[in-house]
Amino acid sequence: METLAEVVNGEASAVGVMIEAAESIINIDAIAAVEGVDLLMVGCIDLSTDMGIPGQVDAPEFRAALEAVSAACRSHNKIFGLAGNYNDRKFQDWVINTLGVRLILCNVDSNLISTGAIESIARIASIDKTVLPN
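These lines cover the structure that appears in this document, whether it is placed above or below. Source: prediction; values computed, not measured. (Residues numbered from 1 in each chain as written. Predicted model: local features only at pLDDT ≥ 70, side-chain atom pairs only at ≥ 80, totals over all residues. Heavy atoms only, no water.)

## A word on the pairing of strand 2 (residues 39–43)
- Of all five residues in strand 2, five are buried, a share of seventy percent or more.
- Neither face of strand 2 is open: one carries Leu39, Met41 and Gly43, the other Leu40 and Val42, and all of them are buried.
- Sheet topology places strand 2 next to strand 3 (residues 79–83); five bridges connect them, and they run parallel. When the sheet's bridge partners are listed, Gly43 is paired in strand 3 with Ala83. (Buried < 20%, exposed > 50% of the residue type's maximum accessible area, 1.4 Å probe, protein only. Helix = DSSP H or I, 4+ residues; strand = E, 2+ residues; numbered from the N terminus. Pairing = 2+ DSSP bridges.)

Encoded structure:
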């Protein structure tokens, strides 16, 4: 009798690799060709930083890198994933509808916490403090 872990490992698990170094783009076709890899996940912040253009997702060289990953994923029947871009709807639309991204990490805990903190501070700061209790 198989255990749940054996079934999941054999039939219901996926292997993903992070694409976070500029050198990985040069080798993207070979990376995508690795048997057993199901997903290529681009870390936008790490990749753009390693390319010398931190956070510049609209830079032509960054877009070309993503296009290369997209082509490799299509060529080798891999899932194209993306992380590190949480608020740029235009960019997200492009990667989903043009490049075929099918898995997006749409937020992370540290971003959610910091965004919530900023919103809380702004809410408290907006309270009218000129009215004093009797």
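## Details of the environment of Ala33
- Along the chain, the position of Ala33 falls in the loop between helix 3 (28–32) and strand 2.
- The spacing of Ala33 and Val17 is 16 residues in sequence and 12 Å in space, taken between C-alpha atoms.

## As for the pattern of salt bridges
- Going through the model one piece at a time under the given rule, you end up with one salt bridge.
- Ionic pairing is found between Arg63 and Asp58, a salt bridge with its closest N-O pair at 2.5 Å.
- Classification of Asp58 by relative accessible area gives exposed; the value is 52%. (Salt bridge = Lys/Arg side-chain N within 4 Å of Asp/Glu carboxyl O.)

## As for the packing of aromatic side chains
- Under the criterion given, the structure shown has one aromatic pair.
- Ring geometry for Phe91 against Trp94: centres 6.1 Å apart, planes inclined by 45°, an arrangement best described as tilted. Placement of both Phe91 and Trp94 in helix 6 (residues 89–97) is noted, with a separation of three residues, approximately one turn of the helix.
- Just above the ring of Trp94 sits the side chain of Arg63; from NZ or CZ to the centre is 4.1 Å. (Phe/Tyr/Trp six-rings, centres within 6.5 Å; stacked < 30°, edge-to-face > 60°. Lys NZ or Arg CZ within 6 Å of the ring centre and 35° of its normal.)

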